[in-house]
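# Geometric and topological summary
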Amino acid sequence: MAAPREPGRDSEAAFAKRIDPAREPELSAEQRRVMQRAQEALRQRALQRRLRGRNVLTGLGIGAVVLGIYGYTFYKISQERFLDEVEQEVQAAQTPVN
């Protein structure tokens, strides 16, 4: 038994050739419909791949904005000192003045 050959290198195996269904008189109507459905499925898969890539980029962008807002909020809150002033006023009010 001969070893399998790689396609495109002096292969004796028959490969599918590209045909135009409108110009092939020997194709039946059912065969044309099957070919159209297969082509439509390929187009749909290609569209889904493109949309998946766009969705991933959009998700990463939204996530970056959310994390930026979250980080900025924590940064700003850590700088606020108004609670320290309120606590000092409360302690001053609680200490008895003689």
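Just so we're clear, the structure is a prediction, and the values are computed from it rather than from any experiment.

Under the feature "transmembrane region" (unreviewed entry), the UniProt entry names residues 55-75. Helix makes up 100% of residues 55-75 and strand 0%, with an end-to-end C-alpha separation of 30 Å.

This next bit is on the packing of aromatic side chains. For any pair of aromatic rings, the description rests on two quantities: the centre-to-centre distance and the angle between the ring planes. Enumeration over the complete set of coordinates arrives at one aromatic pair. Judged by centre distance (4.9 Å) and plane angle (65 degrees), the rings of Y70 and F74 are edge-to-face. Here F74 and Y70 lie together in helix α1 (residues 29-79), a separation of four residues that amounts to about one turn.

Let us now look at a nonpolar patch on the surface. On the surface, V56, L57 and L60 cluster together into a nonpolar patch covering about 320 Å² of accessible area. Mapped onto the elements of the fold, L60 is located in helix α1. Owing to a relative accessible area of 58%, L60 belongs among the exposed residues under this scheme.

Criteria and thresholds
Residues numbered from 1 in each chain as written. Predicted model: local features only at pLDDT ≥ 70, side-chain atom pairs only at ≥ 80, totals over all residues. Heavy atoms only, no water. UniProt positions renumbered as here; feature names shortened; annotations may be inferred. Helix = DSSP H or I, 4+ residues; strand = E, 2+ residues; numbered from the N terminus. Phe/Tyr/Trp six-rings, centres within 6.5 Å; stacked < 30°, edge-to-face > 60°. Patch = residues over 30% accessible without salt bridge, like charges linked within 9 Å, V, L, I, M, F, W, Y side chains within 5 Å. Areas by Shrake-Rupley, 256 points an atom, 1.4 Å probe, with all protein chains shown as cover. Salt bridge = Lys/Arg side-chain N within 4 Å of Asp/Glu carboxyl O. Buried < 20%, exposed > 50% of the residue type's maximum accessible area, 1.4 Å probe, protein only.

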